[in-house]
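Residue-level structure breakdown
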Amino acid sequence: MKATQSPPTTGTVTTADLLRMAALYLRRHGWHQGTYYPTATDTPTPPACVAGAIGIAAAGHRVQHFSQLTPDALGDYLAALDAFVDYLDTTAPVFLVDEDGFVIDEHTSPYSWNDDPARTAEQVITALETAADEWDDLHTTGGENR
């Protein structure tokens, strides 16, 4: 293919594709806790937290906050983050409870899950890949997108 030719396309990018791209990004560029990316970096491909990696997968570049995404990229980001939260809710539920013992949030926060001091990069990458597989299982017939 010549440099001036457009690469072939195979269709739209699915939510599972974005989750796998985020996992690949973390494998290649590193994982981070506490913020989307380390604050003292000027590289276009810094280590990222799980949400930052999903943001990069959706946007194609580093963004400091999801509000900086285009409307299409924001929709893709939110769909991928929702799928990831759904996966976390079934595998590692963390419920926020008020002082009276009532559940005030029944969804696992991907931010606090990522920032758990006992969390490892491999756990995050594996969770992204497994969430992608589960999304495919729910949204495709026969897993043809894998």
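Below or above, wherever it landed, is the structure these notes cover. On a predicted model such as this, the values are computed, not experimentally measured, just so you know.

Cut-off values and rules
- Residues numbered from 1 in each chain as written.
- Predicted model: local features only at pLDDT ≥ 70, side-chain atom pairs only at ≥ 80, totals over all residues.
- Heavy atoms only, no water.
- Helix = DSSP H or I, 4+ residues; strand = E, 2+ residues; numbered from the N terminus.
- Contact = heavy atoms within 4.5 Å.
- Areas by Shrake-Rupley, 256 points an atom, 1.4 Å probe, with all protein chains shown as cover.
- Salt bridge = Lys/Arg side-chain N within 4 Å of Asp/Glu carboxyl O.
- Buried < 20%, exposed > 50% of the residue type's maximum accessible area, 1.4 Å probe, protein only.
- Polar contact = N/O pair within 3.5 Å; in protein donor to acceptor, adjacent residues only side chain to side chain.
- Phe/Tyr/Trp six-rings, centres within 6.5 Å; stacked < 30°, edge-to-face > 60°.
- Lys NZ or Arg CZ within 6 Å of the ring centre and 35° of its normal.
- Axes fitted to C-alpha atoms, helices over the stretch in contact; angles between N-to-C directions.
- Parallel < 35°, antiparallel > 145°, perpendicular 65-115°, else oblique.
- Left-handed = near helix turned anticlockwise from the far one by under 90°.
- Nonpolar A, V, L, I, M, F, W, Y, C, P; charged D, E, K, R; others polar.

Within the protein chain, the regular secondary structure consists of 5 helices and 2 strands. When the elements of the protein chain are put in sequence order from the N terminus, they spell out α-α-α-β-β-α-α. The long-range fraction of contacts in the protein chain, counting pairs at least 24 apart against all pairs at least 6 apart in sequence, stands at 52%. Here the protein chain has roughly 8,700 Å² of accessible surface; of this, 55% comes from carbon and sulfur atoms.

Take the pattern of salt bridges next. Considering all chains together, one arrives at 5 salt bridges under this definition. Residue Glu 122 pairs with Arg 27 through a salt bridge whose shortest N-O separation is 3.4 Å. You can see Glu 122 sitting in helix H5 (residues 121–139) and its partner Arg 27 sitting in helix H1 (residues 15–29), a full 95 residues away along the chain. Residue class for Glu 122 comes out partly exposed when judged on its relative accessible area of 41%. Relative accessible area serves as the criterion here: at 43%, Arg 27 is assigned to the partly exposed category. Of the charged contacts in the structure, one is a salt bridge between Arg 119 and Asp 116, with a shortest N-O distance of 3.8 Å. Relative accessible area serves as the criterion here: at 17%, Arg 119 is assigned to the buried category.

Checked against the element boundaries, Asn 114 lands in helix H4 (residues 110–115). The residues contacting Asn 114, other than those within four sequence positions of it, are Trp 31, His 32, Gln 33, Cys 49, Val 50, Arg 119 and Val 124.

With that settled, consider the environment of His 139. By secondary structure assignment, the location of His 139 is in helix H5. In the structure, His 139 is positioned 123 residues away from Ala 16 in sequence and 9.4 Å away in space, judged by C-alpha atoms. At 2.8 Å, the side chain of His 139 and the backbone oxygen of Trp 135 are in polar contact.

The next point concerns the packing of aromatic side chains. What the rule picks out here adds up to 3 aromatic pairs. Taking the centre distance of 6.0 Å and the plane angle of 15° together, the rings of Phe 66 and Tyr 77 count as stacked. Taken together, the residues Phe 66 in the loop between helix H2 (50–59) and helix H3 (71–91) and Tyr 77 in helix H3 connect sequence positions 11 residues apart. Using a relative accessible area of 30% as the deciding quantity, one classes Phe 66 as partly exposed. Their ring planes at 75° and their centres at 5.6 Å tell us that Phe 84 and Trp 113 sit as a pair that is edge-to-face. Taken together, the residues span a long stretch of sequence, with Phe 84 in helix H3 and Trp 113 in helix H4 at a distance of 29 residues. With relative accessibility at 8%, the residue Trp 113 sits in the buried group. The cationic tip of Arg 62 hangs over the ring face of Tyr 37; the distance from NZ or CZ to the ring centre is 5.9 Å.

Turning to the packing of H2 against H3, a few remarks are in order. Across the interface, H2 lies against H3 with an axial gap of 9 Å and an inter-helix angle of 140°. Relative to H3, H2 is oriented oblique. Note on packing geometry: the crossing formed by H2 with H3 is right-handed. In this structure, H2 contributes Val 50, Ala 51, Ile 54, Gly 55, Ala 58 and Ala 59 to the contact, and H3 contributes Ala 73, Asp 76, Tyr 77, Ala 80, Leu 81 and Phe 84. Its residues assigned to classes, the contact of H2 with H3 shows 10 nonpolar, 1 polar and 1 charged.

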